[in-house]
Structures are given as C-alpha cells and as structure tokens.
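Residues per chain, in single letters:
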Amino acid sequence: MYISNQTIQNAVELIINTRDFCGNEKQAIKDFCAEEKIADWKKVYAIANFRANATWNQFKKDAGVNPKYIF
C-alpha cells in the first residue's frame, strides 16, 4: 500500500503536536487514518513516529538539553 509523503508529513506534525500536549499518539494516528480512509494506520504510525522522533530530538538539541537525555 502506497502512503504519500504528504500524509506522512501530516502524521509527523500530528505526533509532534500530540506529544506537546502529552496526548495519545497512537490514538491520534488511528483517528487521522480513519478520517483519511487509510486502512493501515500501523504502517503510517511506524514511518511517522520514526521521523517524529528525529524532529523531537532536534527540538531538544536546539533547546540546549544535555545530550545524555537525547536518545
């Protein structure tokens, strides 16, 4: 199943926003995929979560977090 880069980018932004508010990332992606009529939410989550982690870690670096706390 093909998942567009735009869909993944939207999912990454959703994960980042959900983390910012300490929400449930998986549920947010499930709901997003249901709205977009994407059956394989787990695939979307796996790809987007990997990219979101990289972005989140860069945010921590930019904020001056001690590197031992950045995974």
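Look above for the structure.
Residues numbered from 1 in each chain as written. Predicted model: local features only at pLDDT ≥ 70, side-chain atom pairs only at ≥ 80, totals over all residues. Heavy atoms only, no water.

This part is about the nonpolar core. As a rule of thumb, nonpolar side chains are buried together in soluble globular proteins. Grouped together as the largest cluster of nonpolar side chains are 14 residues, with contacts concentrated most on A11, V12, I15, I29, C33 and V44. Where this core is concerned, the elements lending two or more residues are α1 (5-20), α2 (25-36) and α3 (41-62). Here this core takes five residues from α1, the largest share from any one element. Not counting the four nearest positions on each side in its chain, A11 is found in contact with I29, F32, V44 and A48. (Core = buried A, V, L, I, M, F, W, Y, C linked by side-chain atoms within 4.5 Å. Buried < 20%, exposed > 50% of the residue type's maximum accessible area, 1.4 Å probe, protein only. Helix = DSSP H or I, 4+ residues; strand = E, 2+ residues; numbered from the N terminus. Contact = heavy atoms within 4.5 Å.)

Here α3 contains 22 residues, and its C-alpha end-to-end distance of 30 Å stays within 8% of the 32 Å for a straight helix at 1.5 Å per residue. The complete set of buried residues in α3 reads V44, Y45, A48, N49, A52, N57 and K60. The inward-facing, buried residues of α3 contact α1 and α2. A positive backbone phi angle near 85 degrees is found at G64, which sits one or two residues after α3. (Expected span 1.5 Å × (residues − 1).)

Summarising the element assignment, T55 is placed in helix α3. Each C-alpha atom of the pair T55 and E13 lies 9.6 Å from the other, and the pair is 42 residues apart in sequence.

So, about the side chain of N49. Residue position: N49 is located in helix α3. The class for N49 is buried, based on a relative accessible area of 16%. N49 has contacts with I15, R19 and E25, leaving out every residue within four places of it along the chain.

All right, on to α2 then. Over its twelve residues, α2 runs 16 Å from end to end, which matches the ideal 16 Å to within 8%, given 1.5 Å per residue. Buried residues belonging to α2 abut α1 and α3. For α2, the capping residue at the N-terminal end is N24, with a side-chain oxygen 3.2 Å from the backbone nitrogen of K26. One or two steps after α2, the chain reaches K37, where phi turns positive at roughly 60 degrees. (Polar contact = N/O pair within 3.5 Å; in protein donor to acceptor, adjacent residues only side chain to side chain.)

A word on the packing of α1 against α3. Two numbers describe how α1 lies on α3: the axes approach to 8 Å, and their chain directions differ by 55 degrees. Classed by the angle they form, the pair α1 and α3 counts as oblique. Of the two possible hands of crossing, α1 and α3 adopt the one that is right-handed. Across the interface between the two elements, N5, I8, A11, V12, I15, I16, R19 and D20 from α1 touch V44, Y45, I47, A48, N49, R51, A52, N53, T55, W56 and F59 from α3. (Axes fitted to C-alpha atoms, helices over the stretch in contact; angles between N-to-C directions. Parallel < 35°, antiparallel > 145°, perpendicular 65-115°, else oblique. Left-handed = near helix turned anticlockwise from the far one by under 90°.)

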